[in-house]
Amino acid sequence: MATATKRGSGRSGKRRGRSGALSALTAWLTRPLASFHLLLAVFGLLTVFGLVMVLSASSVDSFTKAGSSYSVFGKQVLYCLAGLVGFYAALRIPVRLLRRFSLVLLVFCLALLVLVLTPLGTELNGARSWFVVAGVSIQPVEFAKVAFALWGAHVLVTKRALLGQYRHLLVPVVPAAMLMFTLVMLQPDLGSTITLFLVLIGLLWFAGAPLRLFAIMLLGGITGAVVLAMVADYRVARLTAFLDPAADPTGHGYQSMQALFALADGGLMGRGLGQGWSKWQYLPNVHNDFIFAVIGEELGFVGCVVVLILFGLTGYVGMRIASRNTDPFIRLASATLTTWLVGQAIINMGYVVGLLPTTGLPLPLISSGGSSVVTSMLVFGLLANFARHEPEAIAALRSLGPGRVGKLLRLPTPAPYRPPARRRPARTATPPSRPRAKTSGTAATRRGSGHARKRVPRGSPGPRMQTRGGHR
């Protein structure tokens, strides 16, 4: 009996501990700045995790090409520092300025997409998608995704009363998207076109477009992707390698097969950080597009689950920010940016594990690369800015002060959202009344019986035509 009593008390204690932890987590999530703090935590963990994995995955390639194991890692640190500047700028900028200059930012990015196709652009890996300035490569399409998301949200929110009509829902967002698709495919860059399509889908979905429109867009997107894949030989080879990578294990299917071997070699717990074999020239682009394979090899299934949890938390907190805000622009922009960020991560991990064709998209904040890291940090800065604009967060910041993080970063107190005042209908001018017809004496006697009738001068407005301020 004593043993049974101890076991029962132990189980009840575990249950109390679990319920207590769950209650503490629920209570913490109800705090006014919980979204902001959770987003900062996820952002910091992804950044540190990405730097560690870039150092591990690029050490051999850096030593082979530059004679130092820290060559790629040093550049990644500089990219992260530049990204932190963008993060801080996006965190401080007022939302009204984001809306006001979203069109200017979009036009600037479109100009860069045109210029990159000229001799000013640099061709790398068969695509003219970069500007090289002082040895630093810049990919303008990454910044164009952010500009398109902000501008599209501004346009759809401005026209939200007319979105029930297709011409207002689709124009000018869809024509602008088609123009960007064309410019990016001329580089050519199918992966970035897919992520731009994700941004467009996010804008229309969260703006409340009907489901039949998405069915048509999905059918058109799949058809366009198949046609574009059939046009270029290397895309046909990628599609064939996806369907059967073992058919050409030393050719087009080599990268996919080596990624699967690396994941299988990692097992549950992995070979250990820095102990993977794939980075020894077995897997091309191991520190960029296929860094998730190195995570699986060195940290095992557990490391892959950690990455999935971090991006799952990113999706959760992004949608939480969208749902808890009252500003329609913030709601639409934050949901769209979250969809793009998490969607790109899913595509990258999907083609590494063999569930999707290879598209060459980096894993946000983890893969090496300048434009991708800076843009991802910029998006996190925007989401953090939007998190501080939740009504409860604004009330807490105004009543209790900026808090530790706000004091450290010298963040301004956000202004509460004020919906635009509805326009009052203009007062219509009172039209002149028609002259009354003369009535017969009998009718006049009947009307005048019981009370005296007012005499209205000829040409003056009758009692039913008075302005809104008068009495009827």
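The name given to the protein in an unreviewed UniProt entry is Probable peptidoglycan glycosyltransferase FtsW, with Saccharopolyspora rectivirgula as the source organism. Of the protein, the UniProt comment under Pathway (unreviewed entry) reads exactly: "Cell wall biogenesis; peptidoglycan biosynthesis." The UniProt entry for the protein carries the following comment under Subcellular location (unreviewed entry): "Cell membrane".

Enquirer: How do you make sense of the packing of aromatic side chains when you look at a structure like this?
Expert: Each aromatic ring pair is described using two quantities: the centre-to-centre distance and the angle formed by the ring planes. All told, the structure shown has six aromatic pairs when counted by the stated rule. A centroid spacing of 6.4 Å and a plane angle of 55° characterise the contact between Phe 181 and Phe 197, whose relative ring orientation is tilted. Of this pair, Phe 181 sits in helix H8 (residues 173-185) while Phe 197 is found in helix H9 (residues 190-206), placing the two residues 16 residues apart along the sequence. A relative accessible area of 23% places Phe 197 in the partly exposed class. Between the NZ or CZ atom of Arg 388 and the centre of the ring of Phe 36, over which it lies, the distance is 5.9 Å.

Enquirer: Teacher, can you tell me more about the side chain of Gln 344 here?
Expert: Assignment of secondary structure puts Gln 344 in helix H14 (residues 328-352). A polar contact is formed between the side chain of Gln 344 and the backbone oxygen of Pro 362, at a distance of 3.1 Å. Each residue touching Gln 344, except ones within four places of it in the same chain, is listed here: Lys 145, Thr 195, Leu 198, Leu 361, Pro 362, Pro 364 and Ser 372.

Enquirer: Please clarify how the side chain of Ser 102 should be interpreted in this entry.
Expert: With respect to the secondary-structure elements, Ser 102 resides in helix H5 (residues 102-115). For Ser 102, a relative accessible area of 1% puts it in the buried group. Within the structure, Ser 102 has its side chain in polar contact with the backbone oxygen of Arg 99 (distance 3.0 Å). Apart from residues no more than four positions distant in its own chain, Ser 102 is found in contact with Leu 150, Trp 151 and His 154.

Enquirer: In this structure, what is going on with unusual backbone geometry? I would like to understand it.
Expert: Excluding glycine, residues mostly carry a negative phi; peptide bonds, for their part, are mostly trans. Pro 172 follows Val 171 through a cis peptide bond whose omega is 5°. With omega at -10°, the peptide bond leading from Gln 187 into Pro 188 counts as cis. Assignment of secondary structure puts Pro 188 in the loop between H8 and H9. For Leu 365, which is not a glycine, the phi torsion comes out positive at approximately 70°. Topologically, Leu 365 is positioned in the loop between H14 and helix H15 (370-387). A positive phi is found at Arg 410, a non-glycine position, where the angle reads about 55°.

Enquirer: Even after reading the chapter, I still don't get the sheet that holds strand S3 (residues 136-138), so can you show me in this structure?
Expert: Two pairing modes exist for strands in a sheet, parallel and antiparallel, and in both the strands are linked by backbone hydrogen bonds. Pairing is antiparallel in the open sheet, where three strands are placed in the order S1-S2-S3. The sheet is open, and its two borders are formed by strand S1 (122-124) and S3, each paired with just one other strand. Taking the axes of each pair of neighbouring strands and ignoring which way they run, one obtains an average angle of 55° across the sheet. In the sheet, S1 pairs with strand S2 (residues 127-133) via three bridges, with the strands oriented antiparallel. In the strand pairing of S2, Glu 123 is matched with Arg 128.

Enquirer: I'm lost on the nonpolar core in this one. Help?
Expert: Proteins that are soluble and globular tend to have nonpolar side chains buried together. Of all hydrophobic cores here, the largest spans 97 residues; its most connected members are Phe 148, Val 307, Phe 329, Leu 363, Ile 366 and Phe 386. In this structure Phe 329 touches Val 95, Leu 98, Arg 99, Leu 150, Ala 153, His 154 and Val 157, once residues within four positions along its chain are discounted.

Cut-offs applied
Residues numbered from 1 in each chain as written. Predicted model: local features only at pLDDT ≥ 70, side-chain atom pairs only at ≥ 80, totals over all residues. Heavy atoms only, no water. UniProt positions renumbered as here; feature names shortened; annotations may be inferred. Phe/Tyr/Trp six-rings, centres within 6.5 Å; stacked < 30°, edge-to-face > 60°. Helix = DSSP H or I, 4+ residues; strand = E, 2+ residues; numbered from the N terminus. Buried < 20%, exposed > 50% of the residue type's maximum accessible area, 1.4 Å probe, protein only. Lys NZ or Arg CZ within 6 Å of the ring centre and 35° of its normal. Polar contact = N/O pair within 3.5 Å; in protein donor to acceptor, adjacent residues only side chain to side chain. Contact = heavy atoms within 4.5 Å. Pairing = 2+ DSSP bridges. Axes fitted to C-alpha atoms, helices over the stretch in contact; angles between N-to-C directions. Core = buried A, V, L, I, M, F, W, Y, C linked by side-chain atoms within 4.5 Å.

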